[in-house]
Amino acid sequence: VTKKEKERERDKKRESFHHQKRRETHSNVAAESLVLVVVGYRVRGLKMSSAAHFSNERVFRGFLVWFCSWGLLSLTCAAGRLSVSSQNLEVHKHLKRLNKPAVKSIQSPDGDIIDCVHISKQPAFGHPFLKDHKIQMNPSTTPDLLFGDNKVSEKPKERTNPVTQLWHQTGACSSGTIPVRRTKKEDVLRASSAKRYGKKKHRTVPLPRSADPDLANQSGHQHAIAYVEGGKFYGAKATINVWEPKVQSSNEFSLSQLWILGGAFGQDLNSIEAGWQVSPDLYGDNNTRLFTYWTSDAYQATGCYNLLCSGFIQINSQIAMGASISPVSGFHNPQYDISITIWKDPKEGHWWMQFGDGYVLGYWPSFLFSYLAESASIVEWGGEVVNMEEEGHHTTTQMGSGQFPDAGFSKASYFRNIQVVDSSNNLKEPKGLNTFTEKSNCYDVEVGKNGDWGHYFYYGGPGRNPNCQ
């Protein structure tokens, strides 16, 4: 091979190399042109020096990083907008399911709107098993009070007063309708999701038989209760002192109630509950409100507060579930209490609820439950709070009046005239009444018995204090 032939071969390789580089440059310049047009510039010409190419490549890479970041941000924003839109749609559908057309609407002084809804249009009938349900307008019978040793006075010597609901000051619902507290968009948005709105978290029932105290505290709920177990119970009754305890955080609550329980403290617990509560997260304020609750699977998928799902069938036109109770008791001031009775209709099998002496509110159909379809195995009365332990300290959320039981009448909160319903549909005193509290230095309970109040107990406490940190 001659020297000239070697040089020609070398020139061909060099030309081939530069041709490949020019093709790469053309591609890069085209991409840069497109990018720079977007930001207001345009690169003209395709022949560039290697230094110019390096500079443009750096610009392009920098812009590409910016563009990708902007694109991801845009996608994130778009996804966020879609998420918000989806959430709004879900909330709108949920509100439509809960807020039925009203015959009449009443503005309550506390800001609530009470809708008078035709009894046949109430939320309960959204349940597939209730589509053709014939409403039972009265229980077949009510529990009878046993006389003799079990007789208790319904009018104790200590001066107490009945209560009403705030919305009564501005209106009333007519016969054939029921009062339903209107659910607002902001109510649902306070919940973790529309699906979880109106539902308790798992493990909110006190576990008095638990061998491991830490197990009972895992849920963040604390209790001070009296209870009976080991038999068959067909209902319970109590008169509950009404207060307005202070709640530290919006995601905490304080309540006083009775529990009708069947099954084990596991995945299949059946529970019917009623009483009063202060729950900023559920209602958006710190008012004391009448409430009910039910579940047939330990608070997992079934059940809800009040009328916030299909289940409880209301027949009463005067009392609204979830509405504010007024007035409430004061320290060294007049005391107000509410009487609640829950019992199983021996004929139809439904679980009925009565408020006071004259308001039969409605019933939970027996098919909602498994264990409670027959009877209850445990009855509990008492207080419950949520303790979120913010910043590592016990909550200052009060239970009851916020006073310990030894403060006594007009200072501490009480349950009086505690009774259970037996298999003959008779009210009788509870046998073997026990007490339970997770932390007695925070909230405590003390039982007693006398001729006026029958079986009773004082309960409650302030939460965080020098002995409860």
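Along each chain, the written sequence defines residue order, and numbers are assigned to residues from 1. This being a predicted model, a pLDDT of at least 70 is required before a residue's local features are given, and a value of 80 or more before pairs of side-chain atoms are given or counted; all residues contribute to the totals for chains, interfaces and linings. The side-chain numbers reported here are obtained from all heavy atoms of the structure, hydrogens and water having been left aside.

## A look at the nonpolar core
- What we call a nonpolar core is a set of buried Ala, Val, Leu, Ile, Met, Phe, Trp, Tyr and Cys residues that are connected through their side-chain atoms within 4.5 Å. For every residue, the accessible area (1.4 Å probe, protein chains only) is compared with the maximum for its type, and the residue is labelled buried under 20%, exposed over 50%, or partly exposed between those bounds. Ile260, Leu290, Ile338, Ile342, Trp364 and Trp381 are the most contacted members of the largest nonpolar core, which totals 93 residues.
- By definition, residues are in contact when any of their heavy atoms lie within 4.5 Å. Excluding its chain neighbours within four sequence positions, the residues that come into contact with Ile260 are Gly235, Ala236, Asn270, Ser271, Ile272, Ile342, Trp351, Leu372, Ala376, Ile378 and Val379.

## Observations regarding the packing of aromatic side chains
- Stacked, tilted and edge-to-face are the three classes assigned to paired rings of Phe, Tyr and Trp, where Trp is represented by its six-membered ring and a pair needs centres within 6.5 Å; plane angles under 30 degrees give stacked, over 60 edge-to-face, the rest tilted. In the structure shown here, the tally under the stated rule is 18 aromatic pairs.
- For the ring pair Phe291 and Tyr305, a centre distance of 5.8 Å and an interplane angle of 70° mean the geometry is edge-to-face. With Phe291 in strand S11 (residues 289-295) and Tyr305 in strand S12 (residues 304-305), the pair connects residues that are 14 residues apart, well separated along the chain. For the residue pair Phe291 and Tyr305, the accessibility class agrees, reading buried in each case.
- Look at Phe415 and Phe457: their rings are 4.9 Å apart centre to centre, the planes differ by 10°, and that puts the pair in the stacked class. Elements are defined by DSSP. Helices are runs of H or I of four residues or more, strands are runs of E of two residues or more, and each kind is numbered from the N terminus.

## Topic: the pairing of strand S6 (residues 177-181)
- Of all five residues that make up S6, five are buried, and the element is covered over most of its length.
- Here S6 shows a buried face lined by Thr177, Pro179 and Arg181 and a second buried face lined by Ile178 and Val180.
- Here, a strand pair is defined by DSSP locating no fewer than two bridges between the strands. Here strand S2 (residues 113-118) pairs with S6 via five bridges, running antiparallel. From the neighbouring strand, Ile114 faces S6, where its bridge partner is Arg181.

## Here's the deal with the side chain of Asp422
- One can find Asp422 in the loop between strand S19 (413-421) and strand S20 (426-428).
- Here a polar contact is recorded for every N or O atom pair within 3.5 Å, except that within protein the pair must consist of a potential hydrogen donor and a potential acceptor, and residues adjacent in sequence are included only if both atoms are side-chain atoms. At a separation of 2.8 Å, a polar atom in the side chain of Asp422 contacts the main-chain amide nitrogen of Asn426.
- In contact with Asp422, other than residues within four places in its own chain, are Tyr234 and Lys428.

## Re the state of the cysteines
- Disulfide: a pair of cysteine sulfur atoms within 2.5 Å of each other. Following the criterion strictly, the structure yields three disulfides and no others.
- The residue that forms a disulfide with Cys304 is Cys309, at a sulfur-sulfur distance of 2.1 Å. Since a negative S-S torsion denotes a left-handed disulfide, the Cys304-Cys309 link at about -80° is left-handed.
- Given a relative accessible area of 19%, Cys309 falls into the buried group.
- Counting only the cysteines that form disulfides, in the order they appear in the protein chain, gives the pairing 1-2, 3-4, 5-6.

## Topic: unusual backbone geometry
- Note that the residue after Ser326, namely Pro327, is joined by a cis bond; omega there is -5°.
- Positive phi, normally seen in glycine, also occurs at Asn425, with a value near 65°.
- Inspection of the secondary structure puts Asn425 in the loop between S19 and S20.

## A look at the sheet that holds S11
- With antiparallel pairing, seven strands are arranged side by side in an open sheet as S12-S11-S10-S9-S18-S7-S21. Strands at the two margins of the open sheet, each flanked by one partner only, are S12 and strand S21 (434-437).
- The sheet contact formed by strand S10 (residues 270-278) and S11 spans seven bridges and is antiparallel. In the sheet register, Glu273 faces S11, and the bridge partner there is Tyr293.

## Looking at the confidence of the model for the protein chain
- In the predicted model, the protein chain carries a mean pLDDT of 84, and 75% of its residues have values of at least 70.
- Confidence of the predictor at the level of single residues is captured by pLDDT, which takes values from 0 to 100. Note on residues 27-54: pLDDT under 50 across the span, and 24 contacts to partners over four residues away in sequence or across chains.
- With pLDDT under 50 throughout, residues 210-216 is counted as low confidence; its partners more than four residues away or in other chains account for six contacts.

## Points about the environment of Arg196
- Its place among the elements puts Arg196 in the loop between helix H3 (185-189) and helix H4 (213-217).
- Here the alpha-carbon distance between Arg196 and Gln300, two residues 104 residues apart in the chain, equals 9.7 Å.
- Apart from the residues within four sequence positions on either side, Arg196 is in contact with Ala191, Lys201, Tyr299 and Gln300.
- At 2.7 Å, the side chain of Arg196 and the backbone oxygen of Lys200 are in polar contact.
- Reaching out from Arg196, the side chain makes a polar contact with the backbone oxygen of Gln300 at a distance of 3.1 Å.

## Brief notes about the pattern of salt bridges
- The term salt bridge refers to a pairing of a side-chain nitrogen on Lys or Arg with a carboxyl oxygen on Asp or Glu at a separation within 4 Å. For the structure shown, the criterion picks out 13 salt bridges.
- Ionic pairing is found between Arg416 and Asp337, a salt bridge with its closest N-O pair at 3.1 Å. With Arg416 in strand S19 and Asp337 in strand S15 (residues 335-344), the pair connects residues that are 79 residues apart, well separated along the chain.
- In this structure Arg416 comes out as buried when scored by relative accessible area, which is 4%.
- A cluster of three or more residues bridged by salt bridges with shared partners is formed by Asp110, Asp112, Arg181, Asp187, Arg190, Asp285 and Arg289.

## What about the side chain of Thr295?
- Structurally, Thr295 can be placed in strand S11.
- At 2.9 Å, the side chain of Thr295 forms a polar contact with the backbone nitrogen of Tyr299.
- Beyond its immediate stretch of four places on either side in the chain, Thr295 contacts Leu269, Asn270, Ser271, Gln300, Thr302, Gly303 and Phe369.

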